[in-house]
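Structural overview
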Amino acid sequence: MHARSKTFELDPAKLDAATEEFKKKHLHRFQAQKGFKRVTIMGNRKSGNVTAVSFWESESDMQASNELGREAGEDMNRVGGGRGAVGGGDGEVLVDA
């Protein structure tokens, strides 16, 4: 299994709007992607920091979702008043308990 993470700095007052936009516009698209396992989005309502982690069956499945991930991130930033991805990475999942 492989995973990709992205961290964003959003306006704390816009976290709900940004996550609703993701659920409405992108979640079903992720779920339709070959090899998709799940996505977790966590946020800090005080700082506005948001981290999204998507899980994939294989590295190639994860790479095939690059454009979708870029679009979803851009929308989260636009709706959430963010300044773009400020961190993240991808790799093989070593522990998933």
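The following paragraphs examine the structure supplied in this document.

So, how was this worked out
- Residues numbered from 1 in each chain as written.
- Predicted model: local features only at pLDDT ≥ 70, side-chain atom pairs only at ≥ 80, totals over all residues.
- Heavy atoms only, no water.
- Buried < 20%, exposed > 50% of the residue type's maximum accessible area, 1.4 Å probe, protein only.
- Helix = DSSP H or I, 4+ residues; strand = E, 2+ residues; numbered from the N terminus.
- Arc of directions from axis to C-beta.
- Contact = heavy atoms within 4.5 Å.
- Pairing = 2+ DSSP bridges.
- Axes fitted to C-alpha atoms, helices over the stretch in contact; angles between N-to-C directions.

1. Structural notes on helix α1 (residues 15-25)
Every buried residue of α1 is listed here: Leu15, Ala18, Glu21 and Phe22. Seen along its axis, α1 keeps its buried residues to an arc of 130 degrees; they face one direction. Buried residues along α1 sit against α2 (27-32), β2 (36-43), β3 (49-56) and α4 (66-80).

2. Section: the pairing of β3
With respect to burial, β3 is a largely interior element, seven of its eight residues being buried. Here seven bridges tie β2 to β3, and the two strands are oriented antiparallel to one another. Looking across to β3, one finds that threonine 40 is bridged to valine 53. The turn linking β2 back onto β3 is made up of five residues, and glycine 48 within it adopts a positive phi angle of 85 degrees.

3. Concerning the sheet that holds β2
Within a sheet, each strand pairs with its neighbour through backbone hydrogen bonds, oriented either parallel or antiparallel. Spatially, four strands are ordered β2-β3-β1-β4 in an open sheet, and the strand pairing comes out antiparallel. Edge positions in the sheet fall to β2 and β4 (85-92), since each of these pairs with one other strand and no more. The sheet shows a mean angle of 10 degrees between the axes of neighbouring strands, direction not considered. Pairing of strand β1 (residues 2-9) with β3 involves eight bridges; the strand directions are antiparallel. Residue glutamate 9 lies in a different strand from β3, and its bridge partner there is asparagine 49.

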